[in-house]
Amino acid sequence: MKKVICLWAVLGVLGSCATQPKLPTYSWEEDLQERIKVDFNRTEDSVRNYIAKYIPDVTDEQMRAWEESGALECMLIDGEKRYFRNAGPNLFRIDSACRAVKARMEGETQSSSNDANMINLPEIIRSVKSTNQSIVAPKHMRVTYTLTVNANAVPAGEIIRCWLPYPRKDVARQQSVRFVGASEPVYEFSPEECMHSTLYMEKKSVADEPTVFSETFEYVSCGEWHAINPEDVQPYDTISVLYKQYTSSREKHIVFTPRLRRLAAELAGDETNPYLKAKRFFTWIKQHHPWASAREYSTLENIPEYVLANHHGDCGQVSLLFITLCRIAGIPAHFQSGFMMHPGEWNLHDWSEIYLEGIGWVPVDQSFGMPSFARNEDEKYFFLGGIDSWRLIVNQDYGMPLVPAKQYPRSETVDFQRGEVEWRGGNLYFPAWDYHMDIEYLEK
């Protein structure tokens, strides 16, 4: 492993050099308001025009009703009503009547991930049953991940610090991780115990040129599935370190609020079996909270409460709701994330794991939920105790420190997937850079 020579410190870019211009004092409140403005950048006219493609005679009354229900997300910013950047498309995901209108016009479409899982899930289930192994169906991938900072995003000659996502080596279903190369000759891997797995590099900016960071690696991703018999789940050792850690609340996003406590109790009812309680949470969330494009997590104080208030959520948001309900109910649970790597449809993705005494940690993908193509009970509840082979695992938790440490708050303060970039003058937020992944699917 190569260890980084920290140009950041060597060149005194933290401000010790008297010849460098003085930088403005950082304010999280100002940063937060700018992030919200990036998310809420649509005018009412632009959103109405999008809706009119499907509902030509849309009325003011309809707009106000959708806003009131949370299906059309907006807020007042500097005295002007601004809509979420994906408010129009989200309306046709969240509101059932609007969703039906769009489906009648365009038909129902099947995602590439669904196509891949229609083959992969039965493959995993058959392999588990025939081998008696829970980790099966390996997929070998070679990945080049590129992060490109916009030209002139920072002054020429400044050092840009970059953290890229890198596959974990401490998860049994992610195997044979092999580093191939990086764009910079000097780099640093985060320690294996770090909850966010990163490859760190630094580079000087050049006037009028983008600053490009890239890495290439190979790894094998396996599917996992547990045919869980509720009777096999044993009582928890409630004084164990594992139990106490993974059933506790957190300062943010796993907060045992009165509403969440009431909901957990209501959904669990008189059920005492941990797996069956988790099944009730899993089913209810999937049935009542459709997927929708999400606000940046850094702008939200309590993600599970946001999901409940707005009746929708993306993968990470519904996963955090599921984790919180499980922990309140005494079921150990934790966040896991990285990417879905399905051919033709790679994307950022979040899921979770729960611990069942006598079985161990098992994956749960709340967002994938109960597949529409499910042909039997094994497939219907596959993602409650199973996960497909098309994954890249980067994170074992959320909101944890990066290594090397970042000076300014991250662009994504909760998850870590796209990468992070900063310079001595501040964090570089998402509009200042872009990312891309090239995936080669290799034969075994």
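The shown structure was predicted, so the numbers you read here are calculated from the model rather than taken from an experiment. (Residues numbered from 1 in each chain as written. Predicted model: local features only at pLDDT ≥ 70, side-chain atom pairs only at ≥ 80, totals over all residues. Heavy atoms only, no water.)

Participant: How would you explain the sheet that holds strand β15 (residues 426–427) if you had to name every residue and give the values?
Facilitator: Taken together, the 5 strands give an open sheet; going across it, the order is β6-β7-β4-β14-β15, and neighbouring strands pair in antiparallel fashion. In this open sheet, the two strands that pair with only one neighbour each are β6 (188–189) and β15. In terms of strand pairing, β6 meets strand β7 (residues 198–204) through 2 bridges, oriented antiparallel. The residue of β7 that forms the bridge with phenylalanine 189 is leucine 199. (Pairing = 2+ DSSP bridges. Helix = DSSP H or I, 4+ residues; strand = E, 2+ residues; numbered from the N terminus.)

Participant: With reference to specific residues and values, describe the packing of helix α9 (residues 258–268) against helix α12 (residues 315–328).
Facilitator: Here α9 crosses α12 at 75°, and the two axes come no closer than 9 Å. With respect to α12, the element α9 is oriented roughly perpendicular. Contact residues: α9 offers Leu260, Arg261, Leu263, Ala264 and Leu267, while α12 offers Leu321, Thr324, Leu325 and Ile328. Per-class residue counts for the contact of α9 with α12 are 7 nonpolar, 1 polar and 1 charged. (Axes fitted to C-alpha atoms, helices over the stretch in contact; angles between N-to-C directions. Parallel < 35°, antiparallel > 145°, perpendicular 65-115°, else oblique. Contact = heavy atoms within 4.5 Å. Nonpolar A, V, L, I, M, F, W, Y, C, P; charged D, E, K, R; others polar.)

Participant: Which residues make up the nonpolar core, and what are the values?
Facilitator: In a soluble, globular protein the nonpolar side chains are often hidden away together inside. Core analysis: the biggest nonpolar cluster contains 55 residues, and Phe281, Phe282, Phe322, Leu325, Cys326, Ile354 and Leu356 have the highest contact counts within it. In terms of residue count, α12 provides more of this core than any other element does, 7 residues in total. Apart from the residues lying within four places of it in its own chain, the contact partners of phenylalanine 282 are Phe322, Val364, Asp365, Gln366, Gly369, Met370, Tyr381, Phe383 and Leu384. Residues Leu147, Val177, Val421 and Tyr429 belong to the second largest nonpolar core, which totals 38 residues. (Core = buried A, V, L, I, M, F, W, Y, C linked by side-chain atoms within 4.5 Å. Buried < 20%, exposed > 50% of the residue type's maximum accessible area, 1.4 Å probe, protein only.)

Participant: Describe the side chain of threonine 211, listing the residues and the values that go with them.
Facilitator: In this structure, threonine 211 sits in strand β8 (residues 211–225). Not counting residues up to four positions away in its chain, the partners in contact with threonine 211 are Leu147, Thr148, Val149, Ile160, Lys203 and Ser205.

Participant: Which residues make up the sheet that holds strand β11 (residues 360–364), and what values do they have?
Facilitator: Taken in spatial order, the 4 strands of this open sheet run β11-β10-β9-β13, and their pairing is antiparallel. Every other strand in the sheet has two partners, leaving β11 and β13 (391–395) as the edge strands with one partner each. Averaged over all pairs of adjacent strands, the angle between their axes in this sheet comes to 40°, without regard to strand direction. As paired strands, strand β9 (residues 333–340) and strand β10 (residues 347–356) are joined by 8 bridges and run antiparallel to one another. When the bridges of β10 are listed, phenylalanine 335 appears paired with serine 352. Seen against the sheet, α12 touches β9, β10 and β11 and runs at an angle of roughly 10° to β10.

Participant: Hey, could you go over the layout of surface pockets for me, with residue numbers and the actual values?
Facilitator: Within this model, the largest pocket holds a volume of roughly 2,000 Å³. The set of elements that each furnish at least two residues to the lining of the largest pocket consists of α5 (87–94), α6 (96–106), α7 (112–131), α10 (274–288) and β10. Counting residues per element, the lining of the largest pocket draws most heavily on α6, which supplies 5 residues. The residue inventory of the lining of the largest pocket, partitioned by class, reads 18 nonpolar, 15 polar and 15 charged. (1 Å grid on protein atoms, 1.4 Å probe; cavity = no way out; pocket = protein on both sides within 12 Å on 5 of 7 lines; lining within 4 Å. Points joined across faces, edges and corners; volume = space filled by probe spheres on them.)

Participant: Requested: an account of the pairing of strand β14 (residues 420–423), with residues and values cited.
Facilitator: Taking every second residue as pointing to the same face, both faces of β14 are buried, with Glu420 and Glu422 on one and Val421 and Trp423 on the other. As judged from the 3 bridges shared by strand β4 (residues 159–165) and β14, these two strands associate in the antiparallel manner. Of the residues in β14, the one forming a bridge with tryptophan 163 is glutamate 420. In terms of strand pairing, β14 meets β15 through 2 bridges, oriented antiparallel. Looking across to β15, one finds that tryptophan 423 is bridged to glycine 426. Hairpin connection of β14 to β15: 2 residues between the antiparallel strands.

Participant: Break down the confidence of the model for the protein chain for me, citing the residues and quoting the values.
Facilitator: On average, residues of the protein chain score 95 in pLDDT, and 95% of them are at 70 or above. Predicted confidence for residues 1–18 stays below pLDDT 50, and this span has 35 contacts to residues more than four positions away or in other chains. (pLDDT = per-residue confidence, 0-100.)

Participant: Outline the pattern of salt bridges, listing residues and values.
Facilitator: The final tally for this structure, using the stated rule, is 32 salt bridges. Its salt-bridge partner being aspartate 31, residue arginine 35 comes within 2.9 Å of it at the nearest N-O pair. One end of the pair, arginine 35, and the other, aspartate 31, are both in helix α2 (residues 28–39), 4 residues apart, so they sit about a helical turn from each other. Residues arginine 250 and aspartate 397 are paired through a salt bridge, measuring 3.0 Å at the closest nitrogen-oxygen approach. With arginine 250 in the loop between α8 (241–246) and α9 and aspartate 397 in the loop between β13 and β14, this residue pair connects regions lying 147 residues apart in the sequence. (Salt bridge = Lys/Arg side-chain N within 4 Å of Asp/Glu carboxyl O.)

Participant: Before we move on, could you go through empty space enclosed by the protein and cite the residues and values that matter?
Facilitator: For the coordinates displayed, the defined rule picks out 2 cavities of 30 Å³ or more. Empty space within the largest cavity amounts to approximately 50 Å³. Lining of the largest cavity is provided by Ile285, Lys286, His289, Pro290, Trp291, Gly313, Val318, Gln366 and Ser367. Its residues assigned to classes, the lining of the largest cavity shows 4 nonpolar, 4 polar and 1 charged.

Participant: Describe the packing of aromatic side chains, and please don't skip the residues or the numbers.
Facilitator: How two aromatic rings sit relative to each other is given by the distance of their centres and the angle of their planes. If you walk through the whole model with that rule in mind, you get 28 aromatic pairs. Centre to centre, the rings of tyrosine 166 and phenylalanine 217 are 5.4 Å apart; their planes meet at 70°, and the pair counts as edge-to-face. Note that tyrosine 166 is positioned in the loop between β4 and β5 (174–182) and phenylalanine 217 in strand β8, a separation of 51 residues in sequence. Pair check on accessibility: tyrosine 166 and phenylalanine 217 agree, each one buried. Here phenylalanine 179 and phenylalanine 189 contribute two aromatic rings whose centre-to-centre distance is 5.1 Å and whose plane-to-plane angle is 90°, an arrangement assigned as edge-to-face. Highlighted residues: phenylalanine 179 in strand β5 and phenylalanine 189 in strand β6, separated in sequence by 10 residues. Judged by its relative accessible area of 22%, phenylalanine 179 is partly exposed. Members of the aromatic cluster, each reached through a chain of ring pairs, are Tyr166, Phe179, Tyr187, Phe189, Phe217 and Tyr219. (Phe/Tyr/Trp six-rings, centres within 6.5 Å; stacked < 30°, edge-to-face > 60°.)

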